[in-house]
Amino acid sequence: MKNPLADQKLFLLLVFLLACFQPAMAQKNNVDSLTKAYQKNKQDTTLVKLLLERSASVYLQTNVDSGMLSARKAFDLSRKIHYKKGEVRSLATIATYRNIMGELPGSLRETFKALPDAIRINDIRKASQCSNTLRLPYSMLKDYKKARENYHKALATTEKNHNDDLSLIEYNNLSRNFLDANQIDSALWYTNKGYGIAIKKH
């Protein structure tokens, strides 16, 4: 017997994947561009950006250990050359990897270090990423309402700064949150919002 709820969830996940496909391709292009830039200019700040882009868009899906190592190298180099933006981005990335590795306390610790500086230097992407990390304990406890509060904080920040790419991510995060809570109508609403952004941009 067919399960209508399961069919709806599958449909929403397919739309979610379609909406995320273009940003993923853009990340690969960023790695290629930064690789060429570093080969040309040999600047430490460019190397930091390349290490973090590889960590986020290559190793995150293929090799967690290499991703963490890349993020740590970026952090050490950023600190050495006094590149604050690199430090903040590295810490936020390390927090993501700690979460993937099941080290939630360490993930939250790094996030609390990174978030104030991300806000101070107006790094919207990493402030949003930190807000997402802070929802993890609530998601693990299936307190979806509390988890959504952090997603909404991140979404408010990205929309205020007119960053459609990050807003797309937050709409998809909220859609998945409602999907996990079996609130299909709300999940569909946020999926449609995210899909609308994806179509407009790409």
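Here the structure is shown first, and the text comes after it.
Everything numeric here is computed off the predicted structure, so don't read it as measured data.

Undergrad: Help me understand the pattern of salt bridges, please; the structure alone is not making it clear to me.
TA: A side chain with one charge may pair with a side chain of the opposite charge, provided their charged atoms come close. According to the stated counting rule, one finds 9 salt bridges in the structure shown. A salt bridge links arginine 79 to glutamate 87; the nearest nitrogen and oxygen atoms lie 3.7 Å apart. Using a relative accessible area of 11% as the deciding quantity, one classes glutamate 87 as buried. Measuring nitrogen to oxygen at the nearest pair gives 2.6 Å for the salt bridge that ties arginine 98 to glutamate 103.

Undergrad: So what exactly am I meant to see when it comes to the packing of aromatic side chains here?
TA: In this description, an aromatic ring pair is defined by two values, namely the gap between the centres and the angle between the planes. Evaluation of the coordinates by the stated rule reveals 3 aromatic pairs. Here tryptophan 189 and tyrosine 190 contribute two aromatic rings whose centre-to-centre distance is 4.8 Å and whose plane-to-plane angle is 80°, an arrangement assigned as edge-to-face. Of the residues examined, tryptophan 189 reaches a relative accessible area of 48% and is grouped as partly exposed. Three or more aromatic residues link up through ring pairs in this structure, and these residues are Tyr171, Phe178, Trp189 and Tyr190.

Undergrad: Explanation requested: the packing of helix α6 (residues 124–134) against helix α8 (residues 144–160) in the structure shown.
TA: Helix packing geometry: the angle between the two helix axes and the distance between the axes. As a packed pair, α6 and α8 sit with axes 8 Å apart at the nearest point and diverge in direction by 170°. Between α6 and α8, the angle is such that the two are roughly antiparallel. Residues Ile124, Ser128, Ser131, Asn132 and Leu134 of α6 pack against Asn150, Tyr151, Ala154, Thr157 and Thr158 of α8. For the contact of α6 with α8, the class distribution of residues is 4 nonpolar, 6 polar and no charged.

Criteria and thresholds
- Residues numbered from 1 in each chain as written.
- Predicted model: local features only at pLDDT ≥ 70, side-chain atom pairs only at ≥ 80, totals over all residues.
- Heavy atoms only, no water.
- Salt bridge = Lys/Arg side-chain N within 4 Å of Asp/Glu carboxyl O.
- Buried < 20%, exposed > 50% of the residue type's maximum accessible area, 1.4 Å probe, protein only.
- Phe/Tyr/Trp six-rings, centres within 6.5 Å; stacked < 30°, edge-to-face > 60°.
- Axes fitted to C-alpha atoms, helices over the stretch in contact; angles between N-to-C directions.
- Helix = DSSP H or I, 4+ residues; strand = E, 2+ residues; numbered from the N terminus.
- Parallel < 35°, antiparallel > 145°, perpendicular 65-115°, else oblique.
- Contact = heavy atoms within 4.5 Å.
- Nonpolar A, V, L, I, M, F, W, Y, C, P; charged D, E, K, R; others polar.

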